[in-house]
Amino acid sequence: MNVLIDKFDVFAGGFWLTLQICVLAAIGALVLGAVVAVLRISPVPPLRAVGTTYVNIFRNMPLTVVLFFAAFGLPALGSNAEFLRIPGLEVIFSRLGTDLPYFRFGLIALVLYTAAFVCEALRSGVNAVPAGQAEAARSLGLTFGQNLRHVVLPQSWKASVVPLGSVIIAMIKNSALVGFFGVVGDLSQTADQLTSAGGYAFIPVAIGISVGYLIMTVPLGALLDRIEKRQAVAR
């Protein structure tokens with residue numbers, strides 16, 4: 001078990017990189033998932049078809065396949081991933097000290113995959129809002145956008161918090177696959193580095209990696225349990 005102390009800096013570096021991936025992917029998935037959810041409940045049939053197609057594709061596709069296409073398909077579209085260098089993201093990446101192409105590819109794959117589940121969690125919250133609320137808003141002359149912004153979404157968020165939290169926890173665990181598709185330095189790559197190259201025993205290394213993921217997931221799970229209990233009392 002000495003590896004946990006001797007290589008603490010390696011574990012800490014892997015934890016920090018994995019945390020960056022999870023936070024950025026969660027933000028991206030929440031934004032994209034919200035957009036897709038709006039498409040899914042849109043009164044315009046072509047927009048509904050786009051949202052439904054997106055969800056059906058990514059929700060039923062293994063994450064490993066999405067990561068494979070992101071890691072090996074996106075580089076073929078542009079040299080050195082120049083097409084991914086968005087000014088706003090460049091500032092974030094520079095401050096984090098991360099300028100790795102495969103970091104971006106893994107991040108894109110996680111966002112695209114998780115957004116489909118975020119969309120369904122949000123849509124379940126929208127479905128929990130009584131239909132009379134939306135009908136009353138329409139009778140007052142509110143447009144579809146105003147109805148969503150002022151009536152439906154504010155109420156649906158309360159019902160969506162717990163499902164969204166579960167999606168984010170699943171995404172954190174799914175991020176373990178990112179290291180196997182070129183992202184060097186995250187927790188899963190740290191395990192491979194210490195066991196294969198360093199010659200350390202697998203079990204203590206696996207314990208250290210597991211602790212890193214538990215630090216990210218257990219507090220979030222406890223928070224969700226507390227929110228769920230409060231909602232049950234409120235009802």
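Residues numbered from 1 in each chain as written. Predicted model: local features only at pLDDT ≥ 70, side-chain atom pairs only at ≥ 80, totals over all residues. Heavy atoms only, no water.

(A) Molecular detail of the overall build of the protein. Within the protein, the regular secondary structure consists of 10 helices and 0 strands. Helices and strands in the protein line up, N terminus first, as α-α-α-α-α-α-α-α-α-α. Per-residue burial over the protein gives 39% buried out of 235 residues. Roughly 12600 Å² of accessible area belongs to the protein as shown, and the carbon and sulfur atoms make up 67% of that amount. (Helix = DSSP H or I, 4+ residues; strand = E, 2+ residues; numbered from the N terminus. Buried < 20%, exposed > 50% of the residue type's maximum accessible area, 1.4 Å probe, protein only. Areas by Shrake-Rupley, 256 points an atom, 1.4 Å probe, with all protein chains shown as cover.)

(B) Highlighting a nonpolar patch on the surface. Together, F202, I203, I207, V211 and I215 make up an exposed nonpolar region whose accessible area comes to about 490 Å². The residue I203 is located in helix α10 (residues 202-234) in this model. What makes I203 exposed here is its relative accessible area of 60%. (Patch = residues over 30% accessible without salt bridge, like charges linked within 9 Å, V, L, I, M, F, W, Y side chains within 5 Å. Salt bridge = Lys/Arg side-chain N within 4 Å of Asp/Glu carboxyl O.)

(C) Quick look at the side chain of E120. Along the chain, the position of E120 falls in helix α6 (residues 101-128). Residue classification places E120 among the buried residues on the basis of a relative accessible area of 15%. Apart from residues no more than four positions distant in its own chain, E120 is found in contact with R40, V55 and R59. (Contact = heavy atoms within 4.5 Å.)

(D) Representation of the nonpolar core in the model. By size, the foremost hydrophobic cluster in this structure holds 47 residues, and its most contacted members are L110, M171, I172, V205 and I209. At the level of elements, α2 (8-40), α3 (45-59), α4 (63-72), α6, α8 (144-174), α9 (187-197) and α10 are the ones that each hand at least two residues to this core. Ranked by the residues each element gives to this core, the list is headed by α6, at 13 residues. Those residues in contact with I172 that lie beyond four places of it in its chain are C22, Y213, M216, T217 and L220. (Core = buried A, V, L, I, M, F, W, Y, C linked by side-chain atoms within 4.5 Å.)

(E) Geometry of the pattern of salt bridges. Under the criterion given, the structure shown has 3 salt bridges. For R123, the salt bridge goes to E120, with nearest N and O atoms at 3.0 Å. Taken together, the residues span about one helical turn, with R123 and E120 both in helix α6 at a distance of 3 residues. By sharing partners, the salt bridges in this structure join R40, R59, E120 and R123 into a single network.

(F) The arrangement of the side chain of T217 in detail. Mapped onto the elements, T217 comes out in helix α10. Residue classification places T217 among the buried positions, given a relative accessible area of 13%. Setting aside anything within four residues of it in sequence, one finds T217 in contact with I169, I172 and K173.

(G) Seen up close, the packing of aromatic side chains. In total, this model carries 3 aromatic pairs according to the counting rule given. For the ring pair Y54 and F58, a centre distance of 4.6 Å and an interplane angle of 40° mean the geometry is tilted. In this pair, Y54 and F58 are both assigned in helix α3, 4 residues apart and thus about one turn of the helix distant. On the basis of relative accessibility, which here comes to 15%, the residue F58 falls in the buried class. (Phe/Tyr/Trp six-rings, centres within 6.5 Å; stacked < 30°, edge-to-face > 60°.)

(H) Just the packing of α2 against α3, in detail. Interaxial distance between α2 and α3 falls to 7 Å at its minimum, and their mutual angle equals 130°. Between α2 and α3, the angle is such that the two are oblique. Of the two elements, α2 crosses α3, and the hand of that crossing is left-handed. Here L32, V36, L39 and R40 of α2 lie close against α3, whose contacting residues are L47, R48, V50, G51, T52, Y54 and V55. (Axes fitted to C-alpha atoms, helices over the stretch in contact; angles between N-to-C directions. Parallel < 35°, antiparallel > 145°, perpendicular 65-115°, else oblique. Left-handed = near helix turned anticlockwise from the far one by under 90°.)

(I) Just α4, in detail. Those residues of α4 that fall on the buried side of the exposure criterion are L63, V66, L67, A70 and A71. Projected down its long axis, α4 carries its buried residues within an arc of 125°, all on one side. (Arc of directions from axis to C-beta.)

(J) View of the environment of Q133. Of note, Q133 is situated in helix α7 (residues 131-139). Residue Q133 is classed as partly exposed on the basis of its relative accessible area, which comes to 35%. C-alpha of Q133 to C-alpha of Q155: the two residues are 22 residues apart in sequence and 9.9 Å apart in space. In contact with Q133, other than residues within four places in its own chain, are V151 and Q155.

(K) Focus on the environment of L32. With respect to the element layout, L32 can be found in helix α2. Taking relative accessible area as the criterion, L32 reaches 26% and is therefore assigned partly exposed. Separated by 86 residues in sequence, L32 and V118 place their C-alpha atoms 8.4 Å apart. Other than its neighbours up to four places away in sequence, L32 contacts Y54, V111, L112 and A115.

By themselves, these observations are geometric and do not establish any function.
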